[in-house]
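Working through the structure, step by step
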Amino acid sequence: MADEERGAAVGPPPERVGIFGGTFDPIHVGHLVAANEVHHRLGLDRMLLVVAGDPWQKRGEVIASAEARLAMVAAAVAEMPHLEACALEVERAGTTYTVDTVEHLAAPGRELFLVVGSDVAARLGTWHRVDDLARLVTLVVVTRDGEVGPEVPKFATTHVPVPRLDVSSTDLRARVAAGAPIDFLVPAPAVHVLHARRLYTPLR
Ligand code: ATP
């Protein structure tokens, strides 16, 4: 017997939303390939690239302003409707905590998937209000090259293998400072933003 005939309420399926947070200082193809792969493998409706405003784990290490990092992310995904640059943490004053963002995005009829690299997953136990966070999301750990991702206590966790791209924001900043090219490691529209604002270039 169909649910309708039994009188059960049949609503639309939940909206499946991915949350991929990062400093994105700058965004690069490793981030984008991981976000895209998770979107595909988990059949998500939306994938948000959430730019950290003032990440407490990286105090004193973040180089570009939150607004500039958001502009690079927005440029990078402008042609990709299923990937969205999210300004929530940039617009919120004070220290950035993921749990605040997740509470803001939580809604009836919505399922949240928090996407992290295995380096970040291994440190998750130190995060602010981690028990509340664990109640609100499914954790998605992206693993590279047959790597076995960590089990994260308290979280419902799934692992998604993604192609390994050995690129990091730290290396990219060093390349820009040294005058080396970053083309193809960073999407062209984001490279334009980066150069137009003279980011990561030593002042002369
Ligand atoms: P940095 O070199 O400045 O530490 P980062 O890319 O490691 O930069 P974030 O921008 O905060 O730092 O990373 C956002 C997320 O992207 C994290 O979960 C991180 O694990 C993941 N990530 C970083 N580099 C890659 C990559 N090459 N492939 C897949 N995921 C990545």
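In what follows, the accompanying structure is described. Given the structure is predicted, the values throughout are model-derived calculations rather than measurements.

Definitions and cut-offs
Residues numbered from 1 in each chain as written. Predicted model: local features only at pLDDT ≥ 70, side-chain atom pairs only at ≥ 80, totals over all residues. Heavy atoms only, no water. Salt bridge = Lys/Arg side-chain N within 4 Å of Asp/Glu carboxyl O. Helix = DSSP H or I, 4+ residues; strand = E, 2+ residues; numbered from the N terminus. Buried < 20%, exposed > 50% of the residue type's maximum accessible area, 1.4 Å probe, protein only. Pairing = 2+ DSSP bridges. Axes fitted to C-alpha atoms, helices over the stretch in contact; angles between N-to-C directions. Contact = heavy atoms within 4.5 Å. Polar contact = N/O pair within 3.5 Å; in protein donor to acceptor, adjacent residues only side chain to side chain. Expected span 1.5 Å × (residues − 1). Core = buried A, V, L, I, M, F, W, Y, C linked by side-chain atoms within 4.5 Å.

What follows is about the pattern of salt bridges. Opposite charge on two side chains permits pairing when their charged atoms draw close. The tally for this structure, following the rule as stated, stands at 14 salt bridges. The residue D100 makes a salt bridge to R129 at a minimum N-O spacing of 3.8 Å. Placement of the pair is D100 in helix α5 (residues 98-105) and R129 in the loop between α6 (118-121) and α7 (130-136), with a sequence separation of 29 residues. D100 sits in the partly exposed class, given a relative accessible area of 26%. Assessed through its relative accessible area of 32%, R129 is described here as partly exposed.

Taken in spatial order, the 6 strands make up an open sheet running β3-β2-β1-β4-β5-β6, and their pairing is parallel. The open sheet has two free edges, formed respectively by β3 (83-86) and β6 (156-162), since each of these has just one partner strand. Mean inter-strand twist for the sheet, computed between neighbouring axes without regard to direction, equals 30°. Examined bridge by bridge, strand β2 (residues 46-51) and β3 share 4 bridges and lie parallel to one another. Bridge pairing in β3 links L48 to E84. Helix α2 (residues 29-41) contacts β1 (15-22), β2, β3, β4 (110-117), β5 (138-144) and β6 of the sheet and is inclined by roughly 120° relative to β6. Set on the sheet, helix α3 (residues 66-77) makes contact with β2 and β3; between it and β3 the angle comes to about 165°.

A few words on the environment of G11. With respect to the secondary-structure elements, G11 resides in the loop between α1 (3-6) and β1. Sequence separation between G11 and V62 is 51 residues, and the spatial gap between their C-alpha atoms is 44 Å.

Moving on to the side chain of T96. Along the chain, T96 turns up in the loop between α4 (88-91) and α5. At 2.8 Å, the side chain of T96 and the backbone nitrogen of D54 are in polar contact. Setting aside chain neighbours within four positions, we find T96 in contact with A52, G53, D54, P55, W56 and E89.

With that settled, consider α3. Under the 1.5 Å per step criterion, the end-to-end length of α3 is 17 Å for 12 residues, consistent within 8% with the ideal 16 Å. Here α3 lies mainly inside the structure; 10 of its 12 residues are buried. Buried-residue contacts for α3 involve α2, β2, β3, α4 and α9 (188-196).

With that out of the way, let us pick up the nonpolar core. In this structure, F20, I27, V38, M47, L49 and M72 are the most contacted members of the largest nonpolar core, which totals 40 residues. Mapped by element, the contributors of at least two residues to this core are α2, β2, α3, β4, β5, β6, α8 (169-177) and α9. Broken down by element, the residue count for this core peaks at 8 residues, all from α3. Within the second largest apolar cluster, 23 residues are counted, among which are V50, L139, V152 and F155.

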